[in-house]
Amino acid sequence: MSILDTSPDLRGYTPHPVVTPLRADAAGVRTPDPLVRRLLRAKKAYSTRFVAAAIEQDPGAFDLIADPARAPRAGDVVLARVVTIGQHKRLESPVSRRQILFEGDEIVVAYGSRYAADQFLAVLPEDLGECHLAAAGGLASRVVDKHAAIDDATVIEPIGLLSSAGRVVNLARFAPHPVRAAAPAGGLAARVPVVAVVGTSMNSGKSTTLACLARGLTAAGLTVHAGKATGTGAGNDAHHYTDAGADRVVDFTDFGHPSTFGLSFEEVRDVFATMTDVLASPAGHGAPDVVLIEIADGIFQGDTSRLLTDDAFRSVVDRVVFAAGDALGASGGIAALRALGCEPSVVSGVLTASPLATAEARAALDVGVVPTYDLCRPSVALAAAGLAPAGQTRGGHAVA
């Protein structure tokens, strides 16, 4: 079985038979190169899937740089050993299988930082010393704080940075989509309806809301492209969008980033702008009728709030759908969005799992509150996305 998901949205790499380079000893007996064997046996992470595909195709093209004092960059790929099992007991594979971890396992992961209010605050390490597996999608990081309800982080020991052709392997080098500077007029995305899903916080129901919206719009006969612009790399959300019917799906790992936390705001903005442009372009069944894009975490997270006020967002986003965890969060969130110049079309998310919380929100808000799974209905999805039935005119932007 290949380590590579060959579905069209996982984007451009076709598995090839592995030819294992052999090394001859003094007696002329050929044996596999030890590093090649280690790289092929190592458990690879979702965030490194494009590098994993390259290892599968030509494992002999890779080497290791084992300088303990070397400072890694975000996106640098490392071969590491699991020292102590903690919060993350499994590593998400390139095809999103949950690989059980054992102490002593060797894993291929990428360096980066993490912002997760329900889990870890983690930063890019300053050297190649022991650090942590800060996310199941494959993030090597140094945890500096955590939620009280979760275990200590899994400890990993870097063995060495992967290198190829004399250069450290970075995810950006193998990513299918290079990041470009944001276009002043919004590029292709300015000509396609774009709906952004934002929320009160992590786990407020943003991904499920987007997936249900995708389901309803595809059921209405529209071609939907979807993406996740910020957050920490993991395959669950992208696969959820695909399962809901989105014809093309990308996330920021397709643009060379295992996480967007710790990037400069300009880098975050350019990832968003490039992604919306990629999603607005033809693929699969042709050009999309609508683009759906999720912004991670809550609107009080620094990159999120700044992005919502940036021209790169305002020039392309036509509708904002807001996911909230409870009625008070919905009320405060709507006020915060309006202060940022965003007018939400509907409120949905986790709060709508409770009839009482839904009733509270409806009594408090002047915005429609839509149960998440009602968005699977074409008429509800079309209304939430601001897409009028055939023959009627679509409204203007939801950001001022």
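Procedures and definitions
Residues numbered from 1 in each chain as written. Predicted model: local features only at pLDDT ≥ 70, side-chain atom pairs only at ≥ 80, totals over all residues. Heavy atoms only, no water. Pairing = 2+ DSSP bridges. Helix = DSSP H or I, 4+ residues; strand = E, 2+ residues; numbered from the N terminus. Contact = heavy atoms within 4.5 Å. Axes fitted to C-alpha atoms, helices over the stretch in contact; angles between N-to-C directions. Salt bridge = Lys/Arg side-chain N within 4 Å of Asp/Glu carboxyl O. Buried < 20%, exposed > 50% of the residue type's maximum accessible area, 1.4 Å probe, protein only. Phe/Tyr/Trp six-rings, centres within 6.5 Å; stacked < 30°, edge-to-face > 60°. Lys NZ or Arg CZ within 6 Å of the ring centre and 35° of its normal. Parallel < 35°, antiparallel > 145°, perpendicular 65-115°, else oblique. Left-handed = near helix turned anticlockwise from the far one by under 90°. Nonpolar A, V, L, I, M, F, W, Y, C, P; charged D, E, K, R; others polar. Expected span 1.5 Å × (residues − 1). Core = buried A, V, L, I, M, F, W, Y, C linked by side-chain atoms within 4.5 Å. Right-handed = clockwise from strand over helix to strand, strands pointing away. Polar contact = N/O pair within 3.5 Å; in protein donor to acceptor, adjacent residues only side chain to side chain. pLDDT = per-residue confidence, 0-100.

### Some thoughts on the sheet that holds strand 21 (residues 368-369)
- Spatial ordering of the open sheet is given by 17-16-18-15-19-20-21, a layout of seven strands whose pairing is parallel. With one partner strand each, in any of the chains shown, strand 17 (248-251) and strand 21 form the two edges of the open sheet.
- The sheet contact formed by strand 19 (residues 319-323) and strand 20 (residues 344-348) spans four bridges and is parallel. Residue pairing for strand 20: Val321 is matched across the bridge by Val346.
- The strands that helix 9 (residues 327-339) touches are strand 15 (194-199), strand 19 and strand 20; relative to strand 19, the one it contacts most, it runs at about 150°.

### With respect to the pattern of salt bridges
- Tallying each qualifying case throughout the model produces 16 salt bridges.
- Asp105 serves as the salt-bridge partner of Lys43, at 2.7 Å between the closest nitrogen and oxygen. Taken together, the positions of Lys43 in strand 3 (residues 43-44) and Asp105 in the loop between strand 7 (98-100) and strand 8 (106-111) put the pair 62 residues apart, joining distant regions of the chain. The pair Lys43 / Asp105 is uniform in exposure class, with both members buried.
- One salt bridge connects Arg377 with Asp374, and the closest N-O pair in it is separated by 3.9 Å.
- Of the residues examined, Arg377 reaches a relative accessible area of 45% and is grouped as partly exposed.
- According to the relative accessible area criterion, Asp374 is partly exposed, its value standing at 27%.
- Beyond isolated ion pairs, a larger network of salt bridges with shared partners links Arg38, Arg81, Glu106 and Glu157.

### Considering the packing of aromatic side chains
- Using the criterion set out here, one finds three aromatic pairs in the structure.
- Across the ring face of Tyr46, the terminal group of Arg49 is positioned such that the distance to the ring centre comes to 4.2 Å.

### Structural notes on the pairing of strand 8
- Judged by how many residues are buried, strand 8 sits mostly within the fold: six of six residues are covered.
- Bridge count for strand 3 against strand 8 is two bridges, and the pairing is parallel. Its bridge partner lying in strand 8, Lys44 is registered against Val108.

### A closer look at the packing of helix 4 (residues 206-219) against helix 5 (residues 236-244)
- At a minimum axis distance of 8 Å, the contact between helix 4 and helix 5 shows a crossing angle of 20°. Between helix 4 and helix 5, the crossing angle belongs to the class labelled roughly parallel. Read as a crossing pair, helix 4 and helix 5 show a hand that is right-handed. Residues Ser207, Thr208, Leu210, Ala211, Ala214, Arg215 and Thr218 of helix 4 pack against Asp237, His240, Tyr241, Asp243 and Ala244 of helix 5.
- Residues that form the contact of helix 4 with helix 5 fall into these classes: five nonpolar, four polar and three charged.

### Some points on helix 4
- With 14 residues, helix 4 should reach 20 Å at 1.5 Å per residue; the first-to-last C-alpha distance of 20 Å fits that figure.
- With respect to burial, helix 4 is a largely interior element, 10 of its 14 residues being buried.
- Taken residue by residue, helix 4 has Lys206, Ser207, Thr209, Leu210, Ala211, Cys212, Leu213, Ala214, Gly216 and Leu217 as its buried positions.
- Gly221 lies just past helix 4 and shows a positive phi near 95°.

### Digging into the nonpolar core
- Phe272, Met275, Phe313 and Val347 are the most contacted members of the largest nonpolar core, which totals 41 residues.
- If you list the elements that add at least two residues to this core, you get strand 15, helix 6 (265-280), strand 18 (290-298), helix 7 (302-308), strand 19, helix 9 and helix 10 (355-364).
- The element that contributes the greatest number of residues to this core is helix 6, accounting for seven residues.
- Beyond its immediate chain neighbours, meaning those up to four positions away, Val347 contacts Phe322, Ala330, Ile334, Leu365, Val367, Gly368, Val369 and Val370.

### Some points on the pairing of strand 17
- Along strand 17, one buried face is formed by Arg248 and Val250 and the opposite face, lined by Val249 and Asp251, is buried too.
- Pairing between strand 16 (residues 224-228) and strand 17: four bridges, direction parallel. Counted as the bridge partner of His225 is Arg248 from strand 17.
- On the question of chirality, the crossover connecting strand 16 to the parallel strand 17 by way of helix 5 is right-handed.

### Observations regarding the side chain of Thr253
- With respect to the element layout, Thr253 can be found in the loop between strand 17 and helix 6.
- Within the local environment of Thr253, its side chain forms a polar contact with the side chain of Asp251, the two groups lying 2.3 Å apart.
- Once you skip the residues sitting within four places of it in the chain, Thr253 turns out to touch Tyr46, Arg49, Phe50, Ala175, Gly233 and Pro258.

### Points about the confidence of the model for the chain
- Within the chain, residue pLDDT values average 89, and 88% of them lie at 70 or more.
- This model gives residues 1-25 a pLDDT under 50, and the stretch forms 63 contacts once residues within four places in sequence are excluded.
- Across residues 390-395, confidence stays below pLDDT 50; counting only partners more than four residues off in sequence or on other chains, it has seven contacts.

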